[in-house]
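For reference, the chains in residue letters:
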Amino acid sequence: MPQDLSVINVPVRKVKVVAEADVVVAGGGAAGIAAAVSAAREGANVVLIERLGFLGGTMTAATLGGICGLYSLVDGQPAQLVFGFADEIRHLLETHGGTTGPKPWLKTASLPYDVFILKRIFDRLVDEKRITVFFHSTITHVDIEDGRIGGVAMEGPGGAFAVRGNAFIDCTGDADLCQLAGVGTEFSPEELQFPSMMFRLGGVDTSVVGRMKRERLHDYLENAVSAGFDLPRTAGGIYSVRDGVVHLNITRVSVDGRAPDPFDPKSSTRAEIAGREQVEFYLEAFRQFVPGFDKAYVLDTGCEIGVRESRRLAGQYVMTSDDIYSERKFADAIAVNCWPVEEHGVGRGTNWGWLSPGGYCHIPYRSLLPRGADNLLVAGRCLSADHVAQASLRVTANCFAMGQAAGIAAAMAADGSVGDVAVSALQDSLTSRGAVLAP
Ligand SMILES: Cc1cc2nc3c(=O)[nH]c(=O)nc-3n(C[C@H](O)[C@H](O)[C@H](O)COP(=O)(O)OP(=O)(O)OC[C@H]3O[C@@H](n4cnc5c(N)ncnc54)[C@H](O)[C@@H]3O)c2cc1C
């Protein structure tokens with residue numbers, strides 16, 4: 001038979017198990033760190049598996065200017081509504097000089113942070129005997145035994161290895177574990193939010209920039225557009241935690257006029273290059289049109305483009321836009337969300353859908369539970385939500401909160417079913433760990 005040159009055969013392999021754990025956490029972003037630390041604090045032995053060489057995910061890889069979702073804006077002042085693990089991170093940033101405090105903007109507020117200080121905070125949080133971290137390890141296989149996940153296999157720098165566990169938490173942002181386990185997910189390439197290449201500029205007069213309202217920045221960049229700069233976005237965020245240096249969330253990257261497909265290697269490669277190219281355009285536009293930037297230069301970009309949305313769990317409860325806008329409360333609440341809908345769709349602006357001042361909705365436990373998987377939980381931006389609800393729920397304070405709940409629930413489930421966890425006991429445990437479910 002002639003060889004089929006359109007495929008290559010990958011041989012079936014036996015992969016050595018190098019660790020066993022009560023709880024295996026896939027992905028070390030905001031949700032994964034919170035899940036791993038919270039499960040360990042409940043007495044579970046934990047393995048945390050991360051594709052990159054540091055923790056933080058989008059927070060430290062794409063890099064963000066600030067933590068969103070901690071605060072609502074009430075009478076012009078930030079009012080903190082999300083506590084628990086997210087508040088612990090806020091406190092640690094303050095203690096280590098990694099933030100300048102909450103910054104109000106538009107009808108909300110966020111907490112700027114220093115990326116390196118945050119990475120070191122995460123390193124220290126997982127430096128405890130119950131947590132084993134594997135960096136540079138990408139999960140590529142899920143082993144299903146009698147309808148339960150028995151283990152995961154990953155590719156590391158020295159080849160493949162495996163980990164066995166009782167309970168698993170998918171914090172990959174992309175719902176990779178769900179996909180590999182054959183659990184239902186949603187992925188809608190036609191309505192994906194656009195990604196951004198984040199960057200930092202040095203040589204900036206931050207005394208001028210510190211006084212600049214977001215609306216003024218928008219005006220300056222619209223002037224650049226009128227003068228012929230082809231900027232895809234003119235509304236965005238500037239944060240500064242160091243004199244002379246700003247972090248910018250202002251690019252909008254498309255491939256062939258659409259949001260790039262994060263699972264298509266050609267599309268995502270073009271997106272990375274297009275993102276860096278855009279940074280050059282923005283640098284020139286800022287130098288020419290925005291006060292305080294005439295001597296600016298690019299310090300760095302994120303180590304990868306920031307993907308806002310990819311696969312979402314199709315779980316036992318799918319959160320909807322109506323849940324967000326009606327500020328719906330749930331009996332099985334595990335977290336509080338006060339962030340507006342922030343949708344990065346087509347056009348040069350961002351579509352905002354505001355909650356009331358001091359208002360919030362709950363995130364129910366069921367939106368972390370897949371259908372038909374006994375020992376798998378999901379936390380973070382790939383939770384079970386529709387496109388619009390995810391555009392609100394995905395921010396980092398919420399990912400910390402979901403991760404904390406998933407970590408405690410996984411430890412409580414031990415070798416039973418995550419669906420059988422007593423929600424009132426989970427809520428009690430969350431409250432005893434500082435979370436506030438009715439602020
Ligand atoms: C451009 C952009 C700007 C944003 N701005 C803000 C902002 O200012 N403030 C805010 O609060 N939020 C912001 N967000 C939202 C927020 O950053 C993310 O939604 C949130 O950080 C997601 O956290 P997570 O833990 O769910 O997932 P992620 O941060 O995506 O973490 C997932 C982790 O899993 C790892 N991983 C993935 N697949 C595998 C695998 N197969 N094996 C092993 N490891 C794997 C990844 O390397 C990553 O570290 C922004 C997002 C983007 C993209």
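A. Expanded view of the pattern of salt bridges. Under the defined criterion, the tally for this structure stands at 23 salt bridges. Between Asp176 and Arg311 there is a salt bridge, with its nearest N and O atoms 3.2 Å apart. With Asp176 in helix H4 (residues 176–181) and Arg311 in the loop between strand S16 (297–301) and strand S17 (312–313), this residue pair connects regions lying 135 residues apart in the sequence. Among the charged side chains, a network of salt bridges with common partners joins Asp87, Arg90 and Glu94.

B. Structural view of the packing of aromatic side chains. On inspection of all chains with the given rule, the structure shows 11 aromatic pairs. Arranged with centres 5.6 Å apart and planes meeting at 70 degrees, the rings of Trp105 and Trp352 form a pair that is edge-to-face. Of this pair, Trp105 sits in strand S6 (residues 103–105) while Trp352 sits in strand S20 (residues 351–353), placing them 247 residues apart in sequence. Looking at Trp105, the relative accessible area reads 10%, which means it is buried. Given a relative accessible area of 22%, Trp352 falls into the partly exposed group. Clustering of aromatic rings is evident, with ring pairs tying together Trp105, Trp339, Trp352 and Trp354.

C. Inspection of the domain arrangement of the chain at higher detail. Domain annotation for the chain reports domain 1 (17–101 + 113–190 + 310–432) and domain 2 (194–301). For domain 1 and domain 2, the distance between their C-alpha centroids amounts to 28 Å. Facing 27 residues of domain 1, the contacting portion of domain 2 comprises 20 residues. The contact between domain 1 and domain 2 buries some 1800 Å² in all, and 51% of this surface belongs to carbon and sulfur atoms. Among the residues domain 1 hides against domain 2, the three largest losses belong to Gly65, His344 and Arg348. Together they make up 34% of the total. For the interface between domain 1 and domain 2, the tally reads two salt bridges. Residue Asp114 is joined to Arg242 by a salt bridge in which the shortest nitrogen-to-oxygen separation is 3.1 Å. Inspection of the domain 1/domain 2 interface yields 10 residue pairs in polar contact (both at pLDDT 80 or more). Tallied by class, the residues present in the side of domain 1 that touches domain 2 amount to nine nonpolar, 13 polar and five charged.

D. Geometry of the side chain of Ser137. Of note, Ser137 is situated in the loop between strand S8 (131–134) and strand S9 (138–145). With relative accessibility at 3%, the residue Ser137 sits in the buried group. Not counting chain neighbours up to four residues away, the residues in contact with Ser137 comprise Ile49, Glu50, Arg51, Met154, Glu155, Gly156 and Phe161.

E. Here's a closer look at helix H3 (residues 115–125). Burial in H3 covers these residues: Val115, Ile117, Leu118, Ile121, Phe122 and Leu125. Looking straight down H3, one finds that the buried residues subtend no more than 160 degrees of arc, so they occupy a single side. For H3, the elements touching its buried residues are helix H1 (30–41), helix H2 (85–95), S8, strand S14 (237–242) and helix H10 (396–413).

F. Quick peek at the environment of Ala235. Relative to the helices and strands, Ala235 is located in the loop between helix H6 (214–226) and S14. For the pair Ala235 and Thr251, spaced 16 residues apart in sequence, the C-alpha separation works out to 9.3 Å.

G. Just the packing of H2 against H10, in detail. At a closest axis distance of 7 Å, the pairing of H2 and H10 adopts a crossing angle of 125 degrees. The orientation of H2 with respect to H10, classified from their angle, is oblique. In this structure, H2 contributes Phe85, Ala86 and Ile89 to the contact, and H10 contributes Ala397, Phe400 and Gln404. Residues of the contact of H2 with H10, tallied by class, amount to five nonpolar, one polar and no charged.

H. Up close: the environment of Ser417. As for its placement among the helices and strands, Ser417 is situated in the loop between H10 and helix H11 (423–432). Looking at Ser417, its side chain comes within polar contact range of the main-chain nitrogen of Gly419, at 3.1 Å.

I. Structural detail: unusual backbone geometry. One non-glycine residue, Thr63, adopts positive backbone phi at about 75 degrees. Of note in the backbone geometry, Leu106 takes a positive phi value of approximately 40 degrees without being a glycine. Inspection of the secondary structure assignment puts Leu106 in the loop between S6 and strand S7 (108–112).

J. Structural view of the sheet that holds strand S13 (residues 199–202). If you trace the four strands from one edge of the open sheet to the other, you get S14-S15-S13-S16, paired in antiparallel fashion. Among the strands making up the open sheet, the edge pair consists of S14 and S16. With strand direction ignored, the average angle separating the axes of adjacent strands in the sheet is 30 degrees.

What counts and how
- Residues numbered from 1 in each chain as written.
- Predicted model: local features only at pLDDT ≥ 70, side-chain atom pairs only at ≥ 80, totals over all residues.
- Heavy atoms only, no water.
- Salt bridge = Lys/Arg side-chain N within 4 Å of Asp/Glu carboxyl O.
- Helix = DSSP H or I, 4+ residues; strand = E, 2+ residues; numbered from the N terminus.
- Phe/Tyr/Trp six-rings, centres within 6.5 Å; stacked < 30°, edge-to-face > 60°.
- Buried < 20%, exposed > 50% of the residue type's maximum accessible area, 1.4 Å probe, protein only.
- Domains from an automatic or database assignment.
- Contact = heavy atoms within 4.5 Å.
- Buried area = accessible area lost by both parts, 1.4 Å probe.
- Polar contact = N/O pair within 3.5 Å; in protein donor to acceptor, adjacent residues only side chain to side chain.
- Nonpolar A, V, L, I, M, F, W, Y, C, P; charged D, E, K, R; others polar.
- Arc of directions from axis to C-beta.
- Axes fitted to C-alpha atoms, helices over the stretch in contact; angles between N-to-C directions.
- Parallel < 35°, antiparallel > 145°, perpendicular 65-115°, else oblique.
- Pairing = 2+ DSSP bridges.

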